[in-house]
Amino acid sequence: MDSFELNKIAGAVLGVALVTMGLNMMAGIVVNPAKPVVPGYELPGGEVAAAPAAAAAATADPPIAERMTVADAGRGERGAAACRACHSFDNGGPNRVGPNLWKVVDGPKAHIDGFGYSAALRERKAKGEKWGVAELDGFLKNPKGYLPGTSMSFAGIGRADQRADLIAYLTSLK
Ligand code: HEC
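Here goes a summary of the coordinates provided.

It is worth spelling out the coordination of the iron atom of the ligand at this point. With distances of 1.9 to 2.1 Å, the protein atoms coordinating the iron atom of the ligand are His 87 (NE2) and Met 152 (SD). Bound by six donor atoms, the iron atom of the ligand shows angles of 85 to 178° at the metal and therefore octahedral coordination geometry. Taken together, the residues His 87 in the loop between α4 (73-79) and α5 (119-126) and Met 152 in the loop between α7 (143-146) and α8 (160-171) connect sequence positions 65 residues apart. Residue His 87 shares its accessibility class with Met 152, and that shared class is buried.

Rendered as structure tokens:
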């Protein structure tokens, strides 16, 4: 084999390598898979769907007192559709998966006697904590973040204005 022969072989090998690289880049451009913001799979069942809490947590919400000045109980009542699978809202309404929510605002945490609350929520009640507007805002934004160990399987409401509307509705229930 002379050096000309060797050059041809080296050339062929290089050529193949270049074509492979080129195809790879093209495929990358054409197929370019969209990467999800949060890696992982969406599991069926479990949490009731709600606005993406992670995205909301990244931006600071205006203070709840400010949001309450423009909150609307009517909009909140419509938003409460997401809660009705587990809660009733009327005076003397039944407990479901979750407790009845009549008069919950400014009342003690775990406000329904005889409902099977989580140990986490019973502890807060024992400390004398109440469901003020700010507490409800924190809980509804991220139930498991606000109250680790809660049995409320709800992802939370990412939108700050929607939480204020809901709290305005809850406040009207008395
Ligand atoms: C999948 C069922 C489920 C959904 C949906 C749900 N909840 Fe709950 N909720 C519960 C359970 C269960 C508890 C009791 C939590 C505990 O004991 O830790 C609870 C507790 C609460 C409490 C505290 C009550 C108390 O007496 O201390 C409030 C307030 C509340 N939920 C509001 C809401 C609102 C508002 C929504 C809708 C945005 C909602 N929940 C959606 C199941 C649910």
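Structure's up, so let's keep going.
On to the site of the ligand, then. Taken together, 26 residues lie around the ligand, and Cys 83, Cys 86, His 87, Tyr 117 and Met 152 are the ones closest in. One of the side-chain nitrogen or oxygen atoms of His 87 is found 2.7 Å away from a nitrogen atom of the ligand. A distance of 2.5 Å separates an oxygen atom of the ligand from a polar atom in the side chain of Ser 118.

Conventions we followed
- Residues numbered from 1 in each chain as written.
- Predicted model: local features only at pLDDT ≥ 70, side-chain atom pairs only at ≥ 80, totals over all residues.
- Heavy atoms only, no water.
- Donors = N, O, S within 2.8 Å, 3.2 Å for Na, K, Ca; no water.
- Tetrahedral: all angles 85-135°; square planar, octahedral: opposite > 155°, others 65-115°.
- Helix = DSSP H or I, 4+ residues; strand = E, 2+ residues; numbered from the N terminus.
- Buried < 20%, exposed > 50% of the residue type's maximum accessible area, 1.4 Å probe, protein only.
- Near = heavy atom within 4 Å.
- Polar contact = N/O pair within 3.5 Å; in protein donor to acceptor, adjacent residues only side chain to side chain.

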